[in-house]
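Notes for the structure review
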Amino acid sequence: MKKYCFLFVFLVAALSLRAQIVGDVAVTRKVLAERGGELHMVLEISVSRKAVTRSQSWTILPELSTPDRKSVKLFPHILINGRYQQHMQERRRRLSGAYWAERQPYMTINADKKTDQVFRYEMKVPYESWMAGATLVLRMVQTSPGGVRRVFTVDVNGAVDVSRK
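Computed from a prediction, not measured in an experiment: that's the story for all the values here.

**Some remarks on the packing of aromatic side chains**
The full count for this structure, using the stated rule, is 2 aromatic pairs. For the ring pair Trp58 and Phe152, a centre distance of 5.7 Å and an interplane angle of 35° mean the geometry is tilted. Of this pair, Trp58 sits in strand S3 (residues 57-65) while Phe152 sits in strand S9 (residues 148-159); the two residues are 94 residues apart in sequence, bridging distant segments of the chain. The buried category is assigned to Trp58, whose relative accessible area is 11%.

So, in structure tokens, the structure goes:
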């Protein structure tokens, strides 16, 4: 009987942990093309309503690079915060102000909403010849309580589309 009680408690604990697993953050490449001397990039960022726990954050760093990594273009990052992380960021900003050397995010997303959210990330930069052979890569950094960080690298399928006129 004790074995069954222990097994039941273990299953309940396992199911409660499963409910705490975070939702999804999805990034879809809509446009990555040379147009009129500019590189035009459009990404669609889908954030589920519970994409991060209260104490977590995700940083998404878009990067255009050649296969040998001799040429790299870093784009402004996107920050997705859980509720506590958002409060801590606001508090840090109020207490210490924004540092001039600190890279500001393109957008900060608060992931404690009751519905899923979709955002558009659009960037235009001067086109350079090396970009014809470059691919878009996303570095996704998950920060958990205690400063624990996990880095994921995602190739966003393909190279820059170059228009032929």
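**Comments concerning a positive patch on the surface**
On the surface, Arg49, Lys50, Arg54, Arg83 and Lys114 cluster together into a patch of positive charge. With respect to the secondary-structure elements, Arg83 resides in helix H2 (residues 83-96). Arg83 sits in the partly exposed class, given a relative accessible area of 35%.

**Here's the deal with the confidence of the model for the protein**
Mean pLDDT over the protein: 76, with 74% of residues reaching 70 or higher. Least confident of the elements in the protein is helix H1 (residues 2-19), whose mean pLDDT is 47; most confident is strand S4 (residues 72-74), at 91. Here residues 9-22 is a poorly scored stretch, pLDDT under 50, and it has 6 contacts once near neighbours within four places are set aside; other chains count.

**Quick look at the environment of Pro67**
Locating Pro67 in the fold gives a position in the loop between S3 and S4. Considering only alpha carbons, one finds Pro67 and Ala134, 67 residues apart in sequence, at a separation of 6.8 Å.

**Quick word on the environment of Thr108**
In this fold, Thr108 is placed in strand S6 (residues 107-110). As a C-alpha pair, Thr108 and Ile80 span 28 residues in sequence and 5.8 Å in three-dimensional space. For Thr108, the residues in contact, after removing those within four places along its chain, are Leu79, Asn81, Gln86 and Gln89.

**Some points on the pairing of S6**
The two faces of S6 differ: Met107 and Ile109 on one face are buried, but Thr108 and Asn110 on the other face are not. Here 4 bridges tie strand S5 (residues 78-81) to S6, and the two strands are oriented parallel to one another. Pairing of Leu79 across the sheet is with Thr108, part of S6.

**Section: the side chain of Thr143**
Note that Thr143 resides in strand S8 (residues 135-144). Residue Thr143 is classed as buried on the basis of its relative accessible area, which comes to 12%. Of note is the side chain of Thr143, whose polar atom sits 3.4 Å from the side chain of Arg149. Not counting the four nearest positions on each side in its chain, Thr143 is found in contact with Ser55, Gln56, Ser57, Val148 and Arg149.

Rules of the game
Residues numbered from 1 in each chain as written. Predicted model: local features only at pLDDT ≥ 70, side-chain atom pairs only at ≥ 80, totals over all residues. Heavy atoms only, no water. Phe/Tyr/Trp six-rings, centres within 6.5 Å; stacked < 30°, edge-to-face > 60°. Helix = DSSP H or I, 4+ residues; strand = E, 2+ residues; numbered from the N terminus. Buried < 20%, exposed > 50% of the residue type's maximum accessible area, 1.4 Å probe, protein only. Patch = residues over 30% accessible without salt bridge, like charges linked within 9 Å, V, L, I, M, F, W, Y side chains within 5 Å. Areas by Shrake-Rupley, 256 points an atom, 1.4 Å probe, with all protein chains shown as cover. Salt bridge = Lys/Arg side-chain N within 4 Å of Asp/Glu carboxyl O. Lys, Arg positive; Asp, Glu negative; His and termini not counted. Charge placed at Lys NZ, Arg CZ, Asp CG, Glu CD. pLDDT = per-residue confidence, 0-100. Contact = heavy atoms within 4.5 Å. Pairing = 2+ DSSP bridges. Polar contact = N/O pair within 3.5 Å; in protein donor to acceptor, adjacent residues only side chain to side chain.

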